[in-house]
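Residues per chain are reported as follows:
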Amino acid sequence: GAHLERLLSEGEANQPVEGRLGPQPVVLDHTSGFEGLLFVDDDLLGVIGHSNFSSIRATTCVYKGKWAYEVLISSQGLMQIGWCTLNCRFNQEEGVGDTPDSYAYDGNRVRKWNVTTTNYGKEDRLLEKDCALWRLHGEPTVLIALAHIFNHFAPLMCKVYLVEDVLMNFLLGILEGGGSVDEHPLIQQLLDLFWLLMEDYEVNECLKQLMMSLLRAYRFSPIIPDLGFQIHYLRLTTAILHHEKSRKYLLNNSFTFDVLRSVVFFYIKTPLRVKEAGLEELIPTTWWPTHFDKEGKDERDPKDESADERLRRRAYERGCQRLKKRIEVVEELQVQILRLLLNNKDKTTGEASRYIFLNKFRKFLQENASNRGHPTALCPPEYMVCFLHRLITAVRSCWDEGNRKSPGSVNSEEAYVPPQLFYNGKVDYFDLQRLGGLLSHLKKTLKDDLASKANIIIDPAEIQATSMDDLDEDEESGAAQRPFGAAAMGGALARPSWLSSPTLGRANRFLSTAAVSLMTPRRPLTQPEKVKIRTLTVEQRTEEDIEGSHGNDGLLLGRPLEEPDQPIADKSLLEIIDGIVMMYNLSVHQQLGKMVVVSDDVHEYAVALKDTEEKIARCPARRADILEELQKSQKVFAEKLNHLSRRLAWINATIYSKEKMLDVYWLLCVCIRTIEHADNTGSLFAFAPEFYLNVAMNAYSALKNYFSPANSMEELPGYEETLTQLAAILAKHFADPRIVGTDIKDSLMQALASYVCYPQSLRAVERIPEEQRVAMMRNLLAPYEQRPWAQTNWILVRLWRGCGFGYRYTRLPHLLKTKPEDANLPSLQKPCPSLLLQRHMAELLSMDKDMAASFLNSVLNQLNWAFSEFIGMIQEIQQAAERPERNFVDTRQLKVCATCFDLSVSLLRVLEMTVTLVPEIFLDWSRPSAELLLRRLAQLLNQVLNRVTAEKNLFDRVVNLRLPGLESVDHYPILVAVTGILVRILGGDSSTAGTAGSSERKHFSLHSWVRQVSLSHLFSVFQPTSEEDLCPICYAHSISAIFKPCSHKSCKACINQHLMNNKDCFFCKATITGVEDYSKFLSVLSSAAR
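Every value quoted in this text rests on a predicted model; they were computed, and no experiment measured them.

1. Re a nonpolar patch on the surface
Phase 1 of the analysis: Together, Val17, Trp67, Tyr69, Val71 and Trp83 give the surface a local cluster of nonpolar side chains, amounting to about 480 Å² of exposed area.
Phase 2 of the analysis: A residue is classified by how much of its surface remains accessible, and Trp83, at 41% relative accessible area, is partly exposed.

And the structure:
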């Protein structure tokens, strides 16, 4: 007693102890002594690591004597505890024990560490308890006796270490016998006793600690070949969730079992090290592609595959199947958990589990959609991928189960989200962008359409809440925040950076209002009574709001007349499907793209290994040194491929399997059907969220690019029909006036441009109804001013590529000439022109003279601008390259320059396409615009030829610099485009002209021009002129006009054409008040000089 009193008095005096420095209460150093992502408790006594090799130190230092400290480990996994010096520095690769000046002990692996490691100590166990002691033998005889037992037992079950090490192990021991979870009623009986004989707060705390322990155990347990740890923990989780009261408590408890934490149960983590996962035992034989085509792509089933390669491939495939079957066991258990959470029959003890889960799921989506800038608050994308697939399987299972009870209802294969969910206020989309703009604006402008088509009246209080002034402010803020909104949803395809550059932005500015009124004539209502609606938050909704009852349609309230009255078994599943689509848009698609890198690595290493083996075969015997280095490289590549091929097998089984591909394909079909049904509602289509179009485009891209070559999209059921449906959506909506968002419009145009680039998808475009094809071509041929013309121009170019002059290459010929051995040269898609769509274009331009003139004038205007910008850019690049104090050019400037050149070439190709298909536009003099168009075309071609073909000029000098980023800038691409136009005009049949005497004219051809044109005529036309005297706009005529008041100069043809549409100066943008003859101006100057 005296000794204790003395120790307490010393503690109260806080006297320093020899050999120890630091404060008396030892806590964790949360200011400077940590590394990695850590969550530290408020009392600084507990810590949770959220990154690899997180490290943290305490606030006390010892330097003399013998010292010890205690740590309570509340989770499994690899952890090292020890001592380190003050100067020791950690990182996320090296923790305590991994550096020379630190020592550590790992009780899990029973080893001590100081850079190297040796065996040490005994295996850690917090408590040694025989699970058999906890088993209940026989039947309870007296309830009072059990109550007395639980009176002492219950407080213990609130302690985390007892729950994790005793109760959880006891429950796991019950399930060790295997079999179905339903075959072990003891767990259900035990949970019944808990709720009967323990206080509610005690059961709540016990279940909370039990589920958190299970979650930690599942998350941190090591991967073994049979996935035994994961299976055990999931089986126990399933058994607990079978208990209705416990399941509902866990669902209602926002801390314990919210969706963000429960998502962990649906994740199958990818092993970082192949040996830890036992993949070497599962897949003893590895294989990778060894046959490649000329472009470095692996060939499927090559004919010259040797017998040894065939055996290796088949052995590897068998190993992959063994791995897949083991993973499927885990996935099935995860689906069982979700099916329990989606139970809508357990209404005896309150609200059904499905509706509790539905509200939690919606909040989960809201948090992930609104916290894009806070990664720690988001669900990791790799978790989201697994959760999405399990949820699709569970929802489809519940849907089909309900469909069997209601035979006339829609089955899961034909599932879609009805359009009324987007405007009846039953589902909260938390300010996500709609196709028609802001929801508040749509409610005002389309309130009459809602009343006439959907029999819905918006609550006047909601409409009056926003005045017109507030609406204008909302639109401005919405436009300013639009890029962030697109990033938050993650679905819009990224716009090229050159489109946002200051120079090109002026030409590509897409003028559109934030919202547009889409009013249709009122028509007689089929239902006399209208329903007043208001937007409901997640917390305000009831089961009746979702499922409906007694004339209330629930989520299907406000069905438009165009929507079929087809029953749906469980309306609540519609909202879950809507959430699945949103979830794919949030982060799943990006994660699918990231995981492809493993397949790319296998391909790169396989190519490198094959190249090394070929070098070894060619290596002369006398160069033993080179042979030795090559053999070392061969060994490294082979070891890396062995590792990567096994890791790829894991990824293919968990992410890119056939079943996962069918899930994404089903999601694509859901989005297509949803868009089609929403489109049928007319103006109400504007209420549809943007992410449905994004997911439709991204899901197709994933199926096409991410799941091959392991699985082919052609094998999917109804593949061609689905391609045609998606083609119809892209063709119709890329210029749909009901869609006002510039980002989604750009995404649609880029998707259509990619669609017409490949033979299969292009054939799908050709299969859509002729009326839609013609409408699409009419939209593509609209004037280029005041709209993003670059994307539509690329679409036209891709429809023509393969038919133009010298336009069938897949690699730029000038690059092959300079770098024939470079395997990394940019490769273009093989040409696949569409003669059908070209015919539609020819018919439209031939029949509609006004449209043809406006289209070609806009193309010529943009060509004039793009080529002038390109010349200005190469002048700046040349000047920067010649400066002695600066030996580099801004990469952004190089990129903009190359883009301007590519735009010029593409515009020339569209002109070539037009001249070839409809030559009468330029040559038929009965057309009022033919002469002007031909003159403008000749001026621009002269400008291009003068700038590009002159020897040792500016273009030559920049091309010869061979700057990185300007590889596509060369004589060949632009000269063959110009030649194609000239061949079609000068070498074409002159009978297309509309004059009576055209048949008497000589037929001009580039092959016979020497016999038809005299040298004297050539000299009279081509008079040598210095660059300073030529018009800086067209570079074809001499300067003949000077502008007032700015005194800039050009030829009369250029300024006259320009003043027809614009009064601003080409160069300084000053308003032109007058144009004077340049020769008179020079004479005035000369007389003034005299």
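2. Thoughts on the sheet that holds strand β7 (residues 81-84)
Neighbouring strands of a sheet are bound in pairs by backbone hydrogen bonds; such pairs are parallel or else antiparallel.
Phase 1 of the analysis: Judged by pairing direction, the sheet is antiparallel, and its 4 strands sit side by side in the order β7-β8-β9-β10 without closing on themselves. For this open sheet the edge positions go to β7 and β10 (116-119), each flanked by a neighbour on one side alone. Ignoring strand direction, the axes of neighbouring strands in this sheet form an average angle of 15°.
Phase 2 of the analysis: Summarising the sheet, strand β8 (residues 102-106) and strand β9 (residues 111-114) pair through 3 bridges and their orientation is antiparallel. Within β9, the position partnered with Ala104 by the bridge is Trp113.

3. Regarding the pairing of β8
Phase 1 of the analysis: The side-chain alternation of β8 yields one buried face, formed by Ser102, Ala104 and Asp106, and one unburied face, formed by Tyr103 and Tyr105.
Phase 2 of the analysis: Pairing analysis gives 4 bridges linking β7 to β8, with the strands arranged antiparallel. Of the residues in β8, the one forming a bridge with Cys84 is Ser102.
Phase 3 of the analysis: Hairpin connection from β8 to β9: 4 residues lie between these consecutive antiparallel strands, with Val110 at a positive phi of about 60°.

4. Things to note about the nonpolar core
Phase 1 of the analysis: Phe387, Leu391, Tyr584, Phe855 and Phe870 are the most contacted members of the largest nonpolar core, which totals 259 residues.
Phase 2 of the analysis: Counting residues per element, this core draws most heavily on helix α21 (residues 572-618), at 18 residues.
Phase 3 of the analysis: Looking at which domains feed residues into this core, each of domain 2 (142-256) and domain 3 (771-987) gives three or more.

5. Details of the environment of Gln591
Phase 1 of the analysis: Here Gln591 shows up in helix α21.
Phase 2 of the analysis: Once the C-alpha coordinates of Gln591 and Pro381 are considered, the two residues, 210 residues apart in sequence, prove to be 6.0 Å apart.
Phase 3 of the analysis: With residues up to four places along the chain from it excluded, the contact list for Gln591 reads Pro381, Glu382 and Val385.

Rules behind the numbers
Residues numbered from 1 in each chain as written. Predicted model: local features only at pLDDT ≥ 70, side-chain atom pairs only at ≥ 80, totals over all residues. Heavy atoms only, no water. Patch = residues over 30% accessible without salt bridge, like charges linked within 9 Å, V, L, I, M, F, W, Y side chains within 5 Å. Areas by Shrake-Rupley, 256 points an atom, 1.4 Å probe, with all protein chains shown as cover. Salt bridge = Lys/Arg side-chain N within 4 Å of Asp/Glu carboxyl O. Buried < 20%, exposed > 50% of the residue type's maximum accessible area, 1.4 Å probe, protein only. Pairing = 2+ DSSP bridges. Helix = DSSP H or I, 4+ residues; strand = E, 2+ residues; numbered from the N terminus. Axes fitted to C-alpha atoms, helices over the stretch in contact; angles between N-to-C directions. Core = buried A, V, L, I, M, F, W, Y, C linked by side-chain atoms within 4.5 Å. Domains from an automatic or database assignment. Contact = heavy atoms within 4.5 Å.

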